[in-house]
Amino acid sequence: MDVISENRCFGGVQGVYKHAGHSTNCDMTFGLFLPEEAEHAPVPVLWYLSGLTCTHENAMVKAGAQAWAAEQGIALVFPDTSPRGEGVADDPSYDLGQGAGFYVNATQAPWAPHFQMWDYIADELPQIVTANFNIDEERQSITGHSMGGHGALTLAMGLPGRFRSVSAFSPICHPTAGDWGRKQLSAYLGDDEAAWARHDASVMMQEVGLDIPLLVDTGSADQFIDLLMPETLAEAVMKRRLPADLRLQKDYDHSYFFVSSFMEDHVSFHAEALYAD
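About the thresholds
Residues numbered from 1 in each chain as written. Predicted model: local features only at pLDDT ≥ 70, side-chain atom pairs only at ≥ 80, totals over all residues. Heavy atoms only, no water. Phe/Tyr/Trp six-rings, centres within 6.5 Å; stacked < 30°, edge-to-face > 60°. Helix = DSSP H or I, 4+ residues; strand = E, 2+ residues; numbered from the N terminus. Buried < 20%, exposed > 50% of the residue type's maximum accessible area, 1.4 Å probe, protein only. Pairing = 2+ DSSP bridges. Axes fitted to C-alpha atoms, helices over the stretch in contact; angles between N-to-C directions. Parallel < 35°, antiparallel > 145°, perpendicular 65-115°, else oblique. Left-handed = near helix turned anticlockwise from the far one by under 90°. Contact = heavy atoms within 4.5 Å. Nonpolar A, V, L, I, M, F, W, Y, C, P; charged D, E, K, R; others polar.

A.B. asks: Please explain the packing of aromatic side chains as it appears in this structure.
C.D. replies: Within this structure, the stated rule accounts for 11 aromatic pairs. Residues tyrosine 48 and phenylalanine 78 carry aromatic rings whose centres are separated by 6.1 Å and whose planes lie at 50 degrees to one another, so their mutual orientation is tilted. With tyrosine 48 in strand β4 (residues 43–49) and phenylalanine 78 in strand β5 (residues 75–79), this residue pair connects regions lying 30 residues apart in the sequence. Here tyrosine 48 and phenylalanine 78 have matching classes, each one buried. With 6.2 Å between their ring centres and 85 degrees between their planes, phenylalanine 169 and phenylalanine 258 make a pair best called edge-to-face. Pair noted here: phenylalanine 169 is in strand β7 (residues 166–169) and phenylalanine 258 is in helix α9 (residues 256–274), with a separation of 89 residues, a long-range link. Taken individually, phenylalanine 169 and phenylalanine 258 each receive the classification buried, so the pair is uniform in this respect. Linked through ring pairs, Phe169, Tyr252, Phe258 and Phe262 together constitute an aromatic cluster.

See below:
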């Protein structure tokens, strides 16, 4: 693992690291914020999954999460959103290929050799982070924005027992039924829509539910709200009668101005679950 940079940040360290990705068959870069407490003992970790077109850097620089994570003594991991580099398949569209991994394991050409983002986020990167840094692997939570919100929700439901809490900013809630989803799931997973279901938060919520705390924020003025379909997740939660905090924030849009405005709420929400013991 190569150290790209390490900077002092709110008493802790904000680092950027590169490693050879075995699941993705290419070099991968991630950001990691370690609070000051990590100098003395393992700390809990909050995973932040970013959205379309993003790298590890977007949330690391724009979300304002480090200040609140430092206050709570929580590490933050900022993975990349897809494999990258020479020889990695791509597409001219912003919503497919590099920068648009959708947190799935691709089975179709030309994506399958590299686009194994579910395995990378679920298995490979957690092993690297816990092996090399002072992270408590028993105390993990997850959040994300847009495509990353979709990833956070589906990973939380697809990996029961892994996370103590899950939240999302403006998640893509029903990708099997929308333009932000059908195109990508078809490209990565093929035309058998049965294979898509485990990557749809609204479908997963109806089929398997969720037994950890859930917080979702979406802006009422989000310019992509028709693609996000937050009402489908709310309907699924209500059908299963699950406790959840699903909020529509008046006049906020899809930007990182929105994300940073409610980041304190989300970090505090996860801190409560991570320190429940």
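A.B. asks: Just to check I follow, could you spell out the pairing of β7 for this structure?
C.D. replies: Both faces of the sheet carry side chains from a regular strand, because those side chains alternate between them. Side chains Val166 and Ala168 project from β7 onto one buried face, and the interleaved Ser167 and Phe169 project onto a second face that is buried too. One ladder, built from 4 bridges, connects β7 with strand β8 (residues 214–219); its direction is parallel. Counted as the bridge partner of valine 166 is leucine 214 from β8.

A.B. asks: Just to check I follow, could you spell out the packing of helix α2 (residues 65–72) against α9 for this structure?
C.D. replies: A packed helix pair is summarised by two numbers, namely the angle formed by the two axes and the spacing between the axes. The N-to-C vectors of α2 and α9 enclose an angle of 30 degrees; their axes lie 9 Å apart at closest approach. The angle between α2 and α9 falls in the class roughly parallel. Of the two elements, α2 crosses α9, and the hand of that crossing is right-handed. Seen from α2, the contacting residues are Ala65, Trp68, Ala69 and Gln72; seen from α9, they are Met263, Glu264, Val267, Ser268 and Ala271. Residues that form the contact of α2 with α9 fall into these classes: 6 nonpolar, 2 polar and 1 charged.

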